[in-house]
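Chain and residue survey
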Amino acid sequence: SQYSAVDTNPLSVYIMQPIWNKIIKIVPLWIAPNLLTFSGFVMILFNYFLISFYDWDYTASGSSPGLVPTWVWLFSAFTTFCAYALDSIDGKHARRTQSSTPLGELFDHGLDSWATSIFVLSFFSVCSRDNGKTGVSVYTMYIYLSIVLFNFMCSHWEKYNTGVLFLPWGYDISQVVLIAAYLLTSAVGVEVWQKPLLLGYYITDILVILLIGFSLFLSFPQTLYNIHRAHLKKTLKNDSLYEGLLPLVSPLLLFVLLTVWVVLSPSNILAKQPRLFLWMVGVAFSNVICKVIICQMSGTQPELFHWFLFPLALVVYAAISGMLGWTEEAVLAVFTALVTAAHVHYGVCVGRQLSEHLNIYIFSLKKRVQE
């Protein structure tokens, strides 16, 4: 299917697009668009591991606010901006080099589905976890991450039904807010997040309220409205309600299983290992959504239950029934490693298959020689 996306966000249309149009001119024509996409993702990943090194358990900013060096926050602002720029120009560059392919679209959205959670997990280091005085509770972190992923899921569920990707307003706004937050932190220190800003509310509270407001009152209604409009115009991709709702089943079950684990964990796993657990949430979500993106692009129906729900259900059952006992953290660590490896393997396999099928290289504009 022909890729079509609509962007109506004034921030994007009037401010960011003109900037990207200038930046794109300096990108050499021999560079493959997927290389731009991938470089941005690697920068986000590298930045995430750098922050994790200084702040594994999300306490660095709260307990002794000098544990993360200032240069790390500056580097975070820089990598976030670069990733944002690369993610915004890869499509333009593909059209400019006449190399737009379904592989590029999948590569872009697939990496975005994973990057979304990594952005959020990096940001949590700025505000630190709750230490009784300041910070955000690990449960708030989990809810925050879930809402952001829910928004991402909505825009792709909408594309599955309408064939058009309406770029969510939240994307550009969130990137600009993230960059500003890192710059602010590097300029005045993490203390800025630990003093009330307005009427006794902290900046973090205000951001959470804005996020929830944006999602529930802007993004989600917009998604439903766009689907409804396509229904009236008779341009919906799926005839039945069952088919239309099918892609939501696995992500929602995933969320239910994870939430059951969070709430009923005997060892309070989220408080013990927030970074591991939230990373696993992000990877699992990305894998489930990638399947939806592929089905949407190929015009096929997603299966009702994503394979990943079965091992997850077993692990969750073993954990909440007390079977795992003191090994719960170790099991989470092994499970997270396996899920991450499976997701990377899946990405590599799909990339290879598509590059062979379309007779192109992933990271080069040279044409493959037909065997």
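Model, not experiment: these values are computed from the prediction.

**Points about the overall build of the chain**
The helix and strand tally for the chain stands at 13 helices and 2 strands. Here the C-alpha atoms of the chain give a radius of gyration of 21 Å, agreeing with the 21 Å that 2.2 N^0.38 yields for 371 residues. Overall size of the chain, expressed as C-alpha extent along the three principal axes, is 60 × 50 × 45 Å. Each of the 371 residues in the chain was classed as buried or not, and the buried ones make up 50%. Look at the contacts in the chain between residues 6 or more apart in sequence, and 80% of them connect residues 24 or more apart. Total accessible area computed for the chain in this model is approximately 18,000 Å², and 70% of it derives from carbon and sulfur atoms. Distance from the positive charge centre (20 side chains) to the negative charge centre (20 side chains) of the chain: 8 Å.

**Digging into the nonpolar core**
Ranked by internal contacts, the top residues of the largest apolar core, which has 98 residues, are Phe123, Phe124, Tyr144, Leu254, Trp261, Phe277 and Leu312. Contact partners of phenylalanine 124, with chain neighbours within four places excluded, come to Tyr58, Met141, Tyr144, Leu145 and Leu278.

**Some details on the packing of helix α1 (residues 10-23) against helix α4 (residues 70-96)**
The angle between the axes and the distance between the axes are what describe a pair of packed helices. Contact geometry for α1 and α4: axes closest at 10 Å, N-to-C directions at 75°. Relative to α4, the element α1 lies roughly perpendicular. Contacts between α1 and α4 involve Met16, Gln17, Trp20, Asn21 and Ile23 on the former and, on the latter, Phe81, Tyr84, Ala85, Ser88, Ile89 and Lys92.

**Some words on empty space enclosed by the protein**
Scanning the entire structure with this criterion turns up 4 cavities of 30 Å³ or more. Estimated volume of the largest cavity: approximately 70 Å³. Taken together, Leu246, Pro247, Ser250, Pro251, Val288, Lys291, Val292, Pro302, Glu303 and His306 form the lining of the largest cavity. At the level of secondary structure, the elements contributing two or more residues to the lining of the largest cavity comprise α9 (241-264) and α11 (274-298).

**Description of a nonpolar patch on the surface**
On the surface, Val13, Tyr14, Ile15, Ile19 and Phe81 cluster together into a nonpolar patch covering about 470 Å² of accessible area. The leading source of residues in the nonpolar patch is α1, at 4 residues. Relative to the helices and strands, valine 13 is located in helix α1.

**Some remarks on the pattern of salt bridges**
Side-chain pairing between opposite charges can occur once the charged atoms of the two side chains come close. With the rule as written, the count across this model stands at 1 salt bridge. The salt bridge partner of lysine 159 is glutamate 105, with a shortest N-O separation of 2.7 Å. Linking lysine 159 in helix α6 (residues 138-162) with glutamate 105 in helix α5 (residues 102-127), this pair joins segments that are 54 residues apart in sequence. The same class applies to lysine 159 and to glutamate 105, which are both buried.

**Remarks on the UniProt feature "transmembrane region" (unreviewed entry) in the chain**
Sequence positions flagged by UniProt for "transmembrane region" (unreviewed entry) are, in local numbering, residues 26-50, 70-86, 136-154, 199-220, 241-264, 276-294, 306-324 and 330-348. Here residues 330-348 is 100% helix and 0% strand, with 27 Å between the C-alpha atoms at its ends.

**Describing the environment of threonine 162**
Tracing the backbone through its elements, the reader meets threonine 162 in helix α6. Threonine 162 gets classed as buried once you look at its relative accessible area, which sits at 10%. With 95 residues separating them along the chain, threonine 162 and leucine 67 place their C-alpha atoms 48 Å apart. Other than its neighbours up to four places away in sequence, threonine 162 contacts Asn226, Ile227, Ala230, Thr235, Leu236 and Lys237.

Cut-offs used in this document
Residues numbered from 1 in each chain as written. Predicted model: local features only at pLDDT ≥ 70, side-chain atom pairs only at ≥ 80, totals over all residues. Heavy atoms only, no water. Helix = DSSP H or I, 4+ residues; strand = E, 2+ residues; numbered from the N terminus. Rg over C-alpha atoms; globule rule 2.2 N^0.38 Å. Buried < 20%, exposed > 50% of the residue type's maximum accessible area, 1.4 Å probe, protein only. Contact = heavy atoms within 4.5 Å. Areas by Shrake-Rupley, 256 points an atom, 1.4 Å probe, with all protein chains shown as cover. Lys, Arg positive; Asp, Glu negative; His and termini not counted. Charge placed at Lys NZ, Arg CZ, Asp CG, Glu CD. Core = buried A, V, L, I, M, F, W, Y, C linked by side-chain atoms within 4.5 Å. Axes fitted to C-alpha atoms, helices over the stretch in contact; angles between N-to-C directions. Parallel < 35°, antiparallel > 145°, perpendicular 65-115°, else oblique. 1 Å grid on protein atoms, 1.4 Å probe; cavity = no way out; pocket = protein on both sides within 12 Å on 5 of 7 lines; lining within 4 Å. Points joined across faces, edges and corners; volume = space filled by probe spheres on them. Patch = residues over 30% accessible without salt bridge, like charges linked within 9 Å, V, L, I, M, F, W, Y side chains within 5 Å. Salt bridge = Lys/Arg side-chain N within 4 Å of Asp/Glu carboxyl O. UniProt positions renumbered as here; feature names shortened; annotations may be inferred.

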